[in-house]
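Spelled out, the chains give:
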Amino acid sequence: MVWNISMPDAEWFVPGTRGLESVIREVLDTKVVALDTETTGLRYMRDIPLYWSLSWESKDRPGFFRRICMRADTMPFFKESFRDDSKDWVFANAKYDMHMLCNVGIELTGRISCTQVMHSLLYEEESHALEDMAQQILGWAWKNDFKDGFKSKEGPGPFLQRLEREDLPRLVEYASNDAYGTLFIRNKLKKELEDAITWSLYPDKYKTLADIFY
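Our subject in this report is the structure included herewith. What you see is a predicted model; the values in this text were computed from it and never measured.

**Things to note about the overall build of the protein**
Within the protein, the secondary structure is distributed over nine helices and eight strands. A compact globule built from 214 residues would reach a C-alpha radius of gyration of about 17 Å, and the protein, at 17 Å, matches this within 12%. Once the C-alpha set of the protein is aligned to its principal axes, its extents read approximately 55 × 35 × 35 Å. Out of the 214 residues belonging to the protein, those deemed buried represent 46%. Put simply, of all contacts in the protein between residues at least 6 apart along the chain, 64% involve residues at least 24 apart. In the structure as shown, the protein presents an accessible area of about 11300 Å², 51% of it carried by carbon and sulfur atoms. Within the protein, the 35 negative side-chain charges are centred at a point lying 3 Å from the centre of the 28 positive side-chain charges.

Written out as structure tokens, the structure is:
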């Protein structure tokens, strides 16, 4: 992965990794968390997460954003966070990722923010793909060399699992980029939606595009 920006180091955790307990506590104590999944495929009702990534702004270090990739077998350790109805979960494609989570028995009770929907309210005619939004909204650009791997005969699941065995840093860098970029896109679009005054039959309730989105 090649970016035109500098980023904090990506972190990798599996069950038993030193520091995982601290991550679990920090996520529980954080209100806005971006989440992304890497899955066995794209079938809504059948595929499941193999890896997942989180990104959030550190409370102890304002302006510093963590980006973390984990194997999916760490998900049960975060069940208290998943049940936190005060949390705002941020997705690049909430419909897809929430299906993947539900396929392994995880339902989120907090508020959901989907950057595709946020972006479509402001930029209807533009592409809502993550990389395109990052380029348009943030001026970020990166070269994604994973697309050929996903389309190969090997298939996305075996391709990702082989990377874990053979080239773990490449997998962690790729997966954590999505959650990290999604969080920054959400923050920028949230401000734009809040600033976008709109006409409504119910002006006391719907004054901006942010009101309509939520």
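**Quick notes on the nonpolar core**
By size, the foremost hydrophobic cluster in this structure holds 23 residues, and its most contacted members are Tyr 180, Ile 185 and Leu 193. Among the elements of the structure, helix 5 (130-138), helix 8 (168-195) and helix 9 (209-213) are those that each provide at least two residues to this core. Of the residues forming this core, the biggest block, seven residues, is contributed by helix 8. Apart from residues lying up to four places away in sequence, Ile 185 is in contact with Thr 115, Leu 130, Met 133, Ala 134 and Leu 138.

**A word on the sheet that holds strand 4 (residues 49-57)**
Sheet architecture is open: six strands sit in the order 2-5-4-3-6-7, paired in mixed fashion. Lying at the two open borders of the sheet, with one neighbouring strand each, are strand 2 (11-13) and strand 7 (111-114). Sheet twist, expressed as the average angle between the axes of neighbouring strands with direction ignored, equals 25°. As judged from the three bridges shared by strand 2 and strand 5 (residues 65-71), these two strands associate in the parallel manner. Looking at strand 5, one finds that Glu 11 is bridged to Ile 68. Across the sheet, helix 4 (residues 115-122) touches strand 6 (88-91) and strand 7, and the angle it forms with strand 7 is around 55°. Against the sheet, helix 8 contacts strand 2, strand 3 (32-39), strand 4, strand 5 and strand 6, and its axis sits at roughly 135° relative to strand 5.

Parameters and conventions
- Along each chain, numbering runs from 1 in the same order as the chain's sequence is written.
- Local features in a predicted model are, by the rule used here, given only for residues with pLDDT of at least 70; side-chain atom pairs are given and counted only at 80 or more, and totals for whole chains, interfaces and linings are based on all residues.
- Only heavy atoms go into the side-chain values, all of them from the structure, while hydrogens and water stay out.
- Put simply, DSSP marks the helices as runs of H or I at least four residues long and the strands as runs of E at least two long, and each gets a number from the N terminus on.
- The size measure is the radius of gyration over C-alpha atoms, and the globule rule it meets is 2.2 Å times the number of residues to the 0.38 power.
- A simple rule labels every residue: compare its accessible area, found with a 1.4 Å probe on the protein chains alone, to the largest value its type can have, and call it buried under 20%, exposed over 50%, or partly exposed in between.
- In this description, contact between two residues means that some pair of their heavy atoms is separated by no more than 4.5 Å.
- Note on areas: these come from Shrake-Rupley sampling with a 1.4 Å probe, and a residue is covered only by the protein chains present in the view.
- Positive charge is attributed to Lys and Arg, negative charge to Asp and Glu, and no charge count is given to His or to the chain ends.
- Note on charges: their place is set at NZ of Lys, CZ of Arg, CG of Asp or CD of Glu.
- For this analysis, a nonpolar core means a set of buried residues of the types Ala, Val, Leu, Ile, Met, Phe, Trp, Tyr and Cys, connected via side-chain atoms within 4.5 Å.
- A pair of strands counts as paired when DSSP detects no fewer than two bridges linking them.
- Geometry is summarised by axes, namely lines fitted to C-alpha atoms with helices restricted to the contacting stretch, and by angles between N-to-C directions that run from 0 to 180 degrees.

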